Amino acid sequence: MCPGKHAYSTDVVVPLSHLPEIILFCHELAADMSVPVPIVGHVGDGNFHCFLLSDQGDADETNLIVDFSTKLALKAQSFGGSCTGEHGIGLGKRDLLIGEVGPGAWDTMKLLKRSLDPKLIMNPGKVIDLKHL
């Protein structure tokens, strides 16, 4: 589609009753982008994916992508959905997850991480890293 471009993938999930609204919102966000934003999904479960195609070395495009992903995730959360449906949290959506699950669930997740991975060797530096424990 765009030779030499890098695809950044993001996904969200919403209750099916809000799927048309979030897709329209996604199209509105994409219209403001200077990079292509193909949307694909298996939307029967309210989950869809956006692939933002950009030049990895372009800081402005990277900032646009982060902003796009954050706005889309926050909108999904406002509809009672989640900042991710299946791609996971990784590094980019950690703060969104904390806001989504709340302090009680976040504290429980940290406790489980410390209990199951006391040496912090499983997926180090990802969702729950040293600064969060």
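Residues numbered from 1 in each chain as written. Predicted model: local features only at pLDDT ≥ 70, side-chain atom pairs only at ≥ 80, totals over all residues. Heavy atoms only, no water.

## Here's the deal with the overall build of the chain
Inference 1: Secondary structure summary: the chain contains three helices and three strands in total.
Inference 2: Ordering the α and β elements of the chain from the N terminus gives β-α-β-β-α-α.
Inference 3: Once the C-alpha set of the chain is aligned to its principal axes, its extents read approximately 45 × 40 × 20 Å.
Inference 4: Burial analysis of the chain (133 residues in total) assigns 36% to the buried set.
Inference 5: Contacts in the chain between residues far apart in sequence, at least 24 positions, make up 61% of those at least 6 positions apart.
Inference 6: For the chain, the accessible surface area stands at approximately 7,500 Å², while carbon and sulfur atoms represent 60% of it.
Inference 7: Looking at the chain, you have 11 positive and 16 negative side-chain charges, and the mean spots of the two groups are 10 Å apart. (Helix = DSSP H or I, 4+ residues; strand = E, 2+ residues; numbered from the N terminus. Buried < 20%, exposed > 50% of the residue type's maximum accessible area, 1.4 Å probe, protein only. Contact = heavy atoms within 4.5 Å. Areas by Shrake-Rupley, 256 points an atom, 1.4 Å probe, with all protein chains shown as cover. Lys, Arg positive; Asp, Glu negative; His and termini not counted. Charge placed at Lys NZ, Arg CZ, Asp CG, Glu CD.)

## A look at the packing of aromatic side chains
Inference 1: Here the structure, examined in full by the defined rule, presents zero aromatic pairs.
Inference 2: For the cation-ring pair, K75 lies above F25, with the distance from its terminal atom to the ring centre recorded as 4.9 Å. (Phe/Tyr/Trp six-rings, centres within 6.5 Å; stacked < 30°, edge-to-face > 60°. Lys NZ or Arg CZ within 6 Å of the ring centre and 35° of its normal.)

## A look at the pairing of strand β2 (residues 39–42)
Inference 1: Here four bridges tie β2 to strand β3 (residues 47–54), and the two strands are oriented antiparallel to one another. The residue bridging I39 from the neighbouring strand is C50, located in β3.
Inference 2: Linking β2 to β3, which pair antiparallel, is a turn of four residues; within it G46 sits at a positive phi near 85°. (Pairing = 2+ DSSP bridges.)

## Examining the confidence of the model for the chain
Inference 1: When pLDDT is averaged along the chain, the result is 88; 96% of the residues meet or exceed 70.
Inference 2: Confidence scores differ between elements of the chain, with β2 showing the lowest mean pLDDT of 86 and helix α1 (residues 19–31) the highest of 93. (pLDDT = per-residue confidence, 0-100.)

## A look at the side chain of H49
Inference 1: In this fold, H49 is placed in strand β3.
Inference 2: A distance of 3.4 Å separates a polar atom in the side chain of H49 from a polar atom in the side chain of N47.
Inference 3: When residues no more than four places from it in sequence are discounted, the contact partners of H49 are T10, D11, P38, I39, V40, G41, H42, E86 and H87. (Polar contact = N/O pair within 3.5 Å; in protein donor to acceptor, adjacent residues only side chain to side chain.)

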